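What follows is the residue order along each chain.
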Amino acid sequence: MGILQHAGTAPRLRVTSDDASVEYDEAASVGALRMVRAEGGWTLVDAGVEGGVYRDGCRVGQLALRTGRSVRLAAGAPDGPTLLFEAIPPPTPAVERHESRHGVLILGRGAGNTVVLDDPLVSRHHAVVDLTTPPVLRDLGSFNGTFVNGERVTSIPLRNGDQVVVGAQTLVWDGRRLAPPQRTVRRMLVADGLSTVTPEHVRLLDGVSLELASGTLTAVIGPSGAGKSTLLNALTGLVPAGRGRVLWNGHDLYRHYEELRFQIGLVPQEEILHPQLTVREGLRYAARLRLPPDTTRAEQERRVDQVLDRLGLTGQRDLRIGRQLSGGQRKRVSIATELLTAPPLLFLDEPTSGLDPGLDRSVMEQLRDLADDDRVVVVVTHSVLALDLCDQVVVLGKGGRARYVGPPAALLDHFGCDDYPALFQQLDKAAPRPRPAGITDSGTIPAVPRAVVPPQRPSRWRQLGTLIARDVAVARADRTLMTMLVLLPLALAGLSRIVQGGAGLSLRAAREGRVFDGSEVGQRLTILVVAAALMGVAMTIRELVKERAILRREYAVGLSPGPYLLSKVVVLGGACFVQGIALTWLATVGLPGPDRGGVHGWGWWEIALPVAALATTMAVVGLAASALIRSADHAMPVLVALVMAQLVLSGAIVGIAGRPVLEQVAWLAPSRWAYAASAASVHLGRTQRGVEDAVRDPLQAYDAGSGTTTSP
C-alpha cells in the first residue's frame, strides 16, 4: 500500500482505500463526500451528487467523526468500494531539540540533552553524535542500546539517510541533525507466510499472512488446537515460526529481535503481578525492573501514575490485586504492567477468560481505546461477545490455516452461518485442507544473519535489592505464609513435648543405673530434624510454580534468573532459619541441654544451628522441586516424599553407617549432616559402647579438642 502525507496540524483525517492512504489537514472532497474540520474532530458531509456514500447500507447525509475514532463508508452504492476514514491526533513531538554544544549532539531522556526524547525506554544520556568529519555516533552505555540500520553499535560513522533507533524512537541523520522521518507512514505489522511444524510432523501454522496497521484492534479466534497461541508466539518473536517472517515498520522481527523486543508488550493469560501486593506496589516493583537503571524513583512513580490514570485504575491504586479487585480490574493491571514501557505493539492471550459478559466487553472497550492511541493491539480469544469493537478478525481453522481475515461484520456471512456457535461447530468439523503437491516445510527457523543475544540485564545487585524488597512485601501481605511462619514452629515444638521423660538433651540426666540407651535424646533429635525438613520444604514447595508466569514474562524483559532465585533464598531461607532457631528453643526450653555444653561448649546453640541450617537448606531443595513440578497440585506428594527421604537417610531410625551405597547416597541428604552434628553435640555415640555388633557412626563421634573419636 502506498502512503501519501499531507503536512498539517491536528486533528488530521486519514482516508484509506485498497491501494493508498492519504492524510488531510484541510477541508477537501473525496468523490461525493465533503470533509470539513470541526471542533474535536471532522465532519463528513454528503455533497448530494449521484451515488452518494453509505454506512451499513444506509446513505449518509452528515456524520461527525471525533478525534481517535474511525468509520468505514461505501462509495457510490451500498455494496461499492469502501473507504476507511480516521480522525487522528497530530503526532505528539517525542523529540525536543536544543542547540548543539561544543560540537556534539547528546540524545537522551534528560532535559539537559541536545535532543530530548520523551520515551521511558531511553536512558537519561543515551548516545552522542560527535560533529566531526564524518560525524560519529557513540552509545553512552545505554540500557537498551543504540541501533543504526538494524545493528546494535557502540561507535559508528554516520552517513546521510542512516536510520538510528533509540528506545522506541526512530530518527534519521540528514547530514546536520537527527530528526524523525519527514514522511509519517502508517506503521504496519506484517506476517508473511508463517508456518510451523513440530518434530513429530504436526502442523501448527500453515502459511498465515496478515497485515496489522497501527491504530487497529485485531481478534484471533478459532477452535482449540487451531494454533492461536502458536501464532501469538510467532508474532511476538518468543517462538519464531518455522518458515516465514514478521515485519514491524519494515524491520524483520526475527533478524532484529534485539532491537525490537522492547517495543513488544505481551499480556499472558495468567496474572503477571503478585496478588498479595497493592496495585501501586506491583507496578512500582515492575517499573524498577523494566525501566532503565538511571530512571529516578520520582520518574518511576510518575510513570506508574500515568498508566494508572490511562487505564482508569487511579481509584484502585491502594487495593490488593488478588483480594480486592474484580477479574476485569486484575486484567487491566496486567495490561498496565506492559504499558510501563509504552510499547507500540500489544499482544494479549485470552484477556477475557473467566469474565462475565459485562466485564468481557469492558476489557475489550479498554483495548479498543488503547488501539486508538496509534498502537497495534492483537487479542487471542475464545469470546465473541465484543468482536464488533475490532477492526478485523482472524479465524484459524484446524491445521493452523487462516480461514478468514476481515471485518467482523462480514464474518458470519463468509461462513454461511447464522450465529457464532454454528460457526465454531463448522470449524470443529472441518478437516485441515491438504497442502498443494510438492510444497513441504522443513520446520526450521528462518536463517538469521547473526545470533539473537539475550536481552540486556540491569545490574544483578540492583535487581537483587528490588527483588528482596518485593519478596518481603509479598511475604508480609500473604496471610497464609505469615500464619505458617508463626504456627509451624509452635505446632512442631509441641509435638516434641510428647516425648516421655525430662532428660531433654542430656545423656547424664537420662542415665538410670549402669545401662542406658539414650532413646529420649534420640527421639527429640529425630523430631527436630524431621520438623526442620518439613518447615523448609513447606515454605517453598509452591513458590516457583505459582510464579512461573511472572518469572517467564520478567525474564523476557531483562530479569536475570540468578538474582531472582537468590532473593527467594535470602527471604524465605532466612525466614526458615529463624523458624529453626525458634523451633529448637520452644522444643527444649526448660529441659537439660547437652552434657558438657556439647562439643564446642556452645550448649543449646549446637543443636539450634544445625536444625536452622537444615530448615534453610530444605527451603532451597523445595525451590528446586517447585521449579520442576508442573502445577501446584503436585506439590503435596512431592513434599511428603522429600520429608520421608530426609527421615530415612538421616540415620535417626535406620542404620546408615557401614552400609555401602546407602551410606554414600545419604551424604546427599541435608538431614544426614544435621542429625549427625546434633548427635555429636549430645554425645549420642556413647550409647553404642558395649553394644554387640553396633556400628558407630563416624559423623557422630567427633571431639572438638583433638579431632579424634570421643571417649566414653
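What counts as what
- Residues numbered from 1 in each chain as written.
- Predicted model: local features only at pLDDT ≥ 70, side-chain atom pairs only at ≥ 80, totals over all residues.
- Heavy atoms only, no water.
- UniProt positions renumbered as here; feature names shortened; annotations may be inferred.
- Helix = DSSP H or I, 4+ residues; strand = E, 2+ residues; numbered from the N terminus.
- Buried < 20%, exposed > 50% of the residue type's maximum accessible area, 1.4 Å probe, protein only.
- Contact = heavy atoms within 4.5 Å.
- Areas by Shrake-Rupley, 256 points an atom, 1.4 Å probe, with all protein chains shown as cover.
- Phe/Tyr/Trp six-rings, centres within 6.5 Å; stacked < 30°, edge-to-face > 60°.
- Patch = residues over 30% accessible without salt bridge, like charges linked within 9 Å, V, L, I, M, F, W, Y side chains within 5 Å.
- Salt bridge = Lys/Arg side-chain N within 4 Å of Asp/Glu carboxyl O.
- Axes fitted to C-alpha atoms, helices over the stretch in contact; angles between N-to-C directions.
- Parallel < 35°, antiparallel > 145°, perpendicular 65-115°, else oblique.
- Left-handed = near helix turned anticlockwise from the far one by under 90°.
- Nonpolar A, V, L, I, M, F, W, Y, C, P; charged D, E, K, R; others polar.
- 1 Å grid on protein atoms, 1.4 Å probe; cavity = no way out; pocket = protein on both sides within 12 Å on 5 of 7 lines; lining within 4 Å.
- Points joined across faces, edges and corners; volume = space filled by probe spheres on them.
- Domains from an automatic or database assignment.
- Expected span 1.5 Å × (residues − 1).
- Pairing = 2+ DSSP bridges.
- Core = buried A, V, L, I, M, F, W, Y, C linked by side-chain atoms within 4.5 Å.

- With an unreviewed UniProt entry as reference, the protein chain is termed ATP-binding cassette domain-containing protein, source organism Nocardioides immobilis.
- The UniProt entry for the protein chain carries this comment under Subcellular location (unreviewed entry): "Membrane".

### Notes on the overall build of the protein chain
So, step 1. When helices and strands are tallied, the protein chain shows 20 helices and 32 strands.
So, step 2. Scored against the burial criterion, the 712 residues of the protein chain give a buried share of 51%.
So, step 3. In the protein chain, 60% of the contacts between residues at least 6 apart in sequence involve partners at least 24 apart.
So, step 4. Put simply, the protein chain shows about 32200 Å² of open surface, and 56% of that area lies on carbon and sulfur atoms.

### Focus: the packing of aromatic side chains
So, step 1. Taken as a whole, this structure holds three aromatic pairs when the rule is applied.
So, step 2. Between the aromatic rings of Trp604 and Trp605, the centroid separation amounts to 4.7 Å while the plane-to-plane angle is 75°, which identifies the pairing as edge-to-face.

### What about a nonpolar patch on the surface?
So, step 1. A cluster of nonpolar residues, Phe577, Trp602, Trp605 and Leu609, forms a patch on the protein surface that exposes about 400 Å² of accessible area.
So, step 2. Inspection of the secondary structure puts Leu609 in helix α17 (residues 605-628).
So, step 3. Given the relative accessible area of 31%, Leu609 is considered partly exposed.

### Some thoughts on the packing of helix α3 (residues 279-290) against helix α10 (residues 460-477)
So, step 1. Two elements in contact, α3 and α10, have axes whose closest approach is 10 Å; the angle formed by their N-to-C orientations is 165°. Between α3 and α10, the interaxial angle falls into the category roughly antiparallel. α3 and α10 meet at a crossing whose hand is left-handed. Contacts between α3 and α10 involve Tyr285, Arg288 and Leu289 on the former and, on the latter, Arg462, Gln463, Thr466, Leu467, Ala469, Arg470 and Ala473.
So, step 2. A breakdown of the residues in the contact of α3 with α10 according to their chemical character gives five nonpolar, two polar and three charged.

### Some points on unusual backbone geometry
So, step 1. That bond from Thr133 to Pro134 is cis: its omega, -5°, falls within 30 degrees of zero.
So, step 2. With respect to the helices, strands and loops of the structure, Pro134 is situated in the loop between β15 (127-130) and β16 (136-139).
So, step 3. In this structure, Arg596 takes a positive phi of about 55° despite not being glycine.
So, step 4. Relative to the helices and strands, Arg596 is located in the loop between α16 (561-588) and α17.

### Digging into the environment of Gln500
So, step 1. As for its placement among the helices and strands, Gln500 is situated in the loop between α11 (479-496) and α12 (507-510).
So, step 2. Measuring from C-alpha to C-alpha, the distance between Gln500 and Arg524 comes to 9.7 Å, with 24 residues separating the pair along the chain.

### Points about empty space enclosed by the protein
So, step 1. For the coordinates displayed, the defined rule picks out six cavities of 30 Å³ or more.
So, step 2. Empty space within the largest cavity amounts to approximately 100 Å³.
So, step 3. In this structure, the largest cavity is lined by Thr236, Leu238, Tyr257, Arg261, Phe262, Ile264, Leu266, Arg553, Ala556 and Val557.
So, step 4. When residues of the lining of the largest cavity are traced back to their parent elements, those giving at least two are β28 (264-267) and α15 (548-556).
So, step 5. When grouped by side-chain class, the residues that make up the lining of the largest cavity number seven nonpolar, one polar and two charged.
So, step 6. No fewer than three residues from each of domain 3 (188-429) and domain 4 (460-686) sit in the lining of the largest cavity.

### Quick look at helix α13 (residues 519-540)
So, step 1. Between its first and last C-alpha atoms α13 spans 32 Å; for 22 residues at 1.5 Å apiece the expected length is 32 Å, and the two agree.
So, step 2. In terms of residue burial, α13 counts as a mostly covered element, since 16 of its 22 residues are buried.

### Description of the pairing of strand β32 (residues 402-406)
So, step 1. Here four bridges tie strand β31 (residues 392-396) to β32, and the two strands are oriented antiparallel to one another. Paired with Leu396 across the two strands is Ala402, which belongs to β32.
So, step 2. Where β31 hands over to β32, the hairpin turn is made up of five residues, of which Gly399 adopts a positive phi near 85°.

### Some words on the pattern of salt bridges
So, step 1. Summed over the entire model, instances satisfying the criterion amount to 29 salt bridges.
So, step 2. Note that Asp206 is salt-bridged to Arg401, the shortest N-O span being 2.9 Å. With a gap of 195 residues between them, Asp206 in strand β24 (residues 203-213) and Arg401 in the loop between β31 and β32 connect regions that are remote in the sequence.
So, step 3. On the basis of relative accessible area, Asp206 is assigned to the buried category, the value being 5%.
So, step 4. When the shortest N-O distance is used, the salt bridge between Asp372 and Arg368 registers 3.0 Å. The exposure classification of Asp372 matches that of Arg368, with both residues buried.
So, step 5. Salt bridges sharing partners connect three or more residues here, namely Arg280, Arg284, Glu301, Asp305 and Arg317.

### So, the nonpolar core
So, step 1. Core analysis: the biggest nonpolar cluster contains 48 residues, and Leu283, Ile335, Leu367, Leu387 and Leu411 have the highest contact counts within it.
So, step 2. Examining the composition of this core, we find that five residues originate from one element, helix α7 (residues 357-371), more than from any other.
So, step 3. Membership of the second largest hydrophobic core comes to 41 residues, among which are Val545, Leu572, Cys576 and Ala635.

### Some details on the pairing of β15
So, step 1. Burial along β15 is two-sided: Ala127 and Val129 and Val128 and Asp130, pointing in opposite directions, are all buried.
So, step 2. By the bridge criterion, four bridges tie strand β13 (residues 104-108) to β15 in an arrangement that is antiparallel. Its bridge partner being in β15, Leu107 is matched across the sheet by Ala127.
So, step 3. Judged from the four bridges that link them, β15 and β16 form a sheet pairing that is antiparallel. Its bridge partner being in β16, Val128 is matched across the sheet by Arg138.
So, step 4. In this structure, the hairpin formed by β15 and β16 is closed by a connection of five residues.

### Examining the sheet that holds strand β22 (residues 178-179)
So, step 1. One open sheet accounts for five strands, arranged β18-β17-β20-β21-β22; its pairing is antiparallel. Every interior strand has two partners, whereas the edge strands, β18 (151-153) and β22, have only one.

### Details of the sheet that holds β32
Pairing between the strands of a sheet is mediated by backbone hydrogen bonds and can be parallel or antiparallel.
So, step 1. Here six strands make up an open sheet; going across it, the order is β28-β29-β30-β25-β31-β32 and the pairing mixed. Bordering the open sheet on either side are β28 and β32, each of which pairs with just one other strand. Averaged over all pairs of adjacent strands, the angle between strand axes in this sheet comes to 15°, irrespective of strand direction.
So, step 2. Pairing of strand β25 (residues 217-221) with β31 involves four bridges; the strand directions are parallel. Bridged to Ala219 within β31 is Val393.
So, step 3. Against the sheet, helix α6 (residues 327-339) contacts β28 and β29 (345-349), and its axis sits at roughly 160° relative to β28.

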